[in-house]
Amino acid sequence: MKLARKDILGIKELSVDEINLILDTAESFIEISTRDIKKVPTLRGKTVINLFYEPSTRTRTSFEIAAKRLSADAVNISASTSSVVKGETLIDTAMNLEAMNPDIIIMRHSAAGAPHILSGLIKQSIINAGDGAHEHPTQALLDMMTIREKKGKIEGLKVAIVGDIAHSRVARSNIYGLTKMGANVTVAGPATMMPRDIDKLGVRVCYHLEEAIKDVDIIMVLRIQLERQENNIFPSLREYSNYYCLNARNITLAKDDVLVMHPGPINRGVEIAPDIADGSHSIILDQVTNGVAIRMALLYLLTG
Ligand code: CP
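Residues numbered from 1 in each chain as written. Predicted model: local features only at pLDDT ≥ 70, side-chain atom pairs only at ≥ 80, totals over all residues. Heavy atoms only, no water.

Colleague: Would you mind showing me how to read the packing of aromatic side chains here?
Modeller: For any pair of aromatic rings, geometry is given as the distance between the ring centres together with the angle between the planes. On inspection of all chains with the given rule, the structure shows two aromatic pairs. With 5.5 Å between their ring centres and 85° between their planes, Phe29 and Tyr300 make a pair best called edge-to-face. Of this pair, Phe29 sits in helix α1 (residues 16-29) while Tyr300 sits in helix α10 (residues 284-303), placing them 271 residues apart in sequence. The lysine or arginine in question, Arg295, covers the ring of Phe63, its NZ or CZ lying 5.2 Å from the ring centre. (Phe/Tyr/Trp six-rings, centres within 6.5 Å; stacked < 30°, edge-to-face > 60°. Helix = DSSP H or I, 4+ residues; strand = E, 2+ residues; numbered from the N terminus. Lys NZ or Arg CZ within 6 Å of the ring centre and 35° of its normal.)

Colleague: I'm lost on the pairing of strand β1 (residues 47-52) in this one. Help?
Modeller: It is a general feature of regular strands that their side chains alternate between the two faces of the sheet. Buried residues dominate β1, accounting for five of its six residues. Direction of pairing for β1 relative to strand β2 (residues 73-78): parallel, over a ladder of six bridges. The residue bridging Leu51 from the neighbouring strand is Ile77, located in β2. Regarding the hand of the β-α-β motif, the stretch spanning β1, helix α2 (residues 58-69) and β2 is right-handed. (Buried < 20%, exposed > 50% of the residue type's maximum accessible area, 1.4 Å probe, protein only. Pairing = 2+ DSSP bridges. Right-handed = clockwise from strand over helix to strand, strands pointing away.)

Colleague: Which parts of the structure should I look at to understand the pattern of salt bridges?
Modeller: A side chain of one charge can pair with a side chain of the opposite charge when the charged atoms of the two come close. Scanning the model with the defined rule gives 15 salt bridges in all. The partner of Glu64 in a salt bridge is Lys68, with the nearest N and O atoms 2.6 Å apart. With a gap of four residues between them, Glu64 and Lys68 both fall in helix α2, about one helical turn apart. Residue classification places Glu64 among the partly exposed residues on the basis of a relative accessible area of 21%. Asp217 serves as the salt-bridge partner of Lys255, at 3.0 Å between the closest nitrogen and oxygen. Pair noted here: Lys255 is in the loop between α8 (237-244) and β9 (259-261) and Asp217 is in the loop between α7 (209-213) and β8 (218-221), with a separation of 38 residues, a long-range link. Here Lys255 falls in the partly exposed class, since its relative accessible area comes to 33%. Ionic contacts of the salt-bridge type, sharing partners, join the residues Asp24, Glu27 and Arg148 into one network. (Salt bridge = Lys/Arg side-chain N within 4 Å of Asp/Glu carboxyl O.)

Written as structure tokens, this is what we have:
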């Protein structure tokens, strides 16, 4: 089985059938990670390069683990320890990597559209591991997989995405994915963190946490993306947490069986109270587990 596309650049361009194929394939790979010997020969002889221009714990590690569990050779490159620090451009770096004939390049970059530029330049498959505030497609896929696993469906669910919507590539990819899959999505956050015209993507917009999470099935909490904010767009972290921190009091407004998600890294006590992050509603670590399966599925489906 193979995806009929060279790259995974965003959820926006994926069809519902393609998303379902990826989620189904990922489900079939979960079992491999529970074995004593967590390795199958599926991608033996293939080479995967992780090219990360921004820090990462979950995405980079899970791509490396995914490649190794499928017996591919995985190579990690951090911009901070590469010839990027000597002034080499993104395009020169990519052309030099292409010359070594890998099969897939996984790329994270602070500039929106950087993986799209490489996609047009080099013959290898590119997977976008997060480009600026634009998209983080593999995060949205693992999120949708986790929702489907826990709730049995995505269609018809009420999902609230809360926090720094304007600077969040996770929010954008999840909005594209969840609305395509038939969920009812509400976004909530301070007006200074809400992109203009976000409602045109088919979501309800709220500025109050309590209003957004009333009777929802899923609350997806986002970190404030300080690294992407040019000005102070709220007075203080304490002020933000007073209004937008998900805690034991306000979570009671959601459905009794509400699930709490967070892409990580968490800022405990800012956007989510520690007892909620670690509590019975939280499926945050299930998201991380499923991240390996989603990335195995994408490596498999792109290389065939
Ligand atoms: N969710 C996510 O992208 O985490 P990392 O930045 O640690 O990869």
